[in-house]
Amino acid sequence: MTELKTKATDASIDVYIASRANEEQKADCENLMVLLKRVTEERPQMWGPSIVGYGLYKYTYESGRTGEMCRTGFAIRGKELVVYLVAEGGEQEALLKRLGKYKMGKSCLYIKKLADIDVNVLEQLIIGSLAQLKARYG
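Values in this document were obtained by computation on a predicted structure and should not be read as measured data.

**Q** Please explain helix α2 (residues 23-40) as it appears in this structure.
**A** Side chains that are three or four residues apart share a direction in an α-helix, a result of its 3.6 residues per turn. For α2, with 18 residues, the first-to-last C-alpha span of 26 Å sits near the 26 Å given by 1.5 Å per residue. For α2, the complete set of buried residues consists of Q25, D28, C29, L32, M33, L35, L36, V39 and T40. Packed against the buried residues of α2 are α1 (13-20), β1 (44-47), β2 (51-54), β5 (72-77), β6 (80-84) and α4 (119-137). Measuring from the side-chain oxygen of the N-cap residue of α2 to the backbone nitrogen of E24 gives 3.1 Å; that N-cap residue is N22. Positive backbone phi, at 60 degrees, marks E41, one or two positions downstream of α2.

What follows is the structure in structure tokens.
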């Protein structure tokens, strides 16, 4: 079995943000960190070289492959910020309609800046995501 590439590290979050973020992104990252710490009640930790993650969950796929990942977090991807969350089901989809300007991947919410979205709706999406992960993986 291959080794997971994205795992918790002791790398510096401050160094990561300073090396990747423009001034607006730095402020947005600070605000995201406050929000995620409040919602998760976890301290942030780098996951791999580019994810600021909060919490941990362990998963097992139907194939039997297992792993662990942060429950939520964010990354700086060029001109966008990515918030990692699960947005499945009617309640989460309804929240996405109220969020503002974003793009959504499987578990990646892409935003240009926090000013483009309703941060209160983002908080509710993160809370819903954490509940979905807990229901699915314990």
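**Q** I'm lost on helix α3 (residues 90-99) in this one. Help?
**A** Those residues of α3 not exposed but buried are Q92, L95, L96 and L99. Down the axis, α3 shows its buried residues gathered within 105 degrees of arc, on one side only. In this structure, α3 carries G90, K97 and R98 as exposed residues pointing more than 90 degrees from its buried face. Looking at the buried positions of α3, the neighbouring elements they touch are β7 (103-104), β8 (108-111) and α4. Of the residues one or two after α3, G100 is the one with positive phi, at around 125 degrees.

**Q** Would you explain the packing of aromatic side chains in this entry?
**A** Each aromatic ring pair is characterised by the separation of its centres together with the angle its planes make. This model, assessed by the stated rule, comprises three aromatic pairs. Judged by centre distance (6.5 Å) and plane angle (65 degrees), the rings of Y59 and Y137 are edge-to-face. Of this pair, Y59 sits in strand β3 (residues 57-60) while Y137 sits in helix α4, and the two are 78 residues apart along the sequence. Site record: aromatic cluster; members linked through ring pairs are Y57, Y59 and Y137. Here the guanidinium or amino end of K103 rests over the ring plane of Y110, the centre of that ring lying 5.9 Å away.

**Q** How should I be thinking about the environment of L96 in this particular structure?
**A** Structurally, L96 is set in helix α3. The spatial distance from the C-alpha of L96 to the C-alpha of I117 is 10.0 Å, given a sequence separation of 21 residues. Every residue in contact with L96, bar those within four places of it in the chain, is listed here: A87, Y102, M104, L109 and L125.

What counts as what
- Residues numbered from 1 in each chain as written.
- Predicted model: local features only at pLDDT ≥ 70, side-chain atom pairs only at ≥ 80, totals over all residues.
- Heavy atoms only, no water.
- Helix = DSSP H or I, 4+ residues; strand = E, 2+ residues; numbered from the N terminus.
- Expected span 1.5 Å × (residues − 1).
- Buried < 20%, exposed > 50% of the residue type's maximum accessible area, 1.4 Å probe, protein only.
- Contact = heavy atoms within 4.5 Å.
- Polar contact = N/O pair within 3.5 Å; in protein donor to acceptor, adjacent residues only side chain to side chain.
- Arc of directions from axis to C-beta.
- Phe/Tyr/Trp six-rings, centres within 6.5 Å; stacked < 30°, edge-to-face > 60°.
- Lys NZ or Arg CZ within 6 Å of the ring centre and 35° of its normal.

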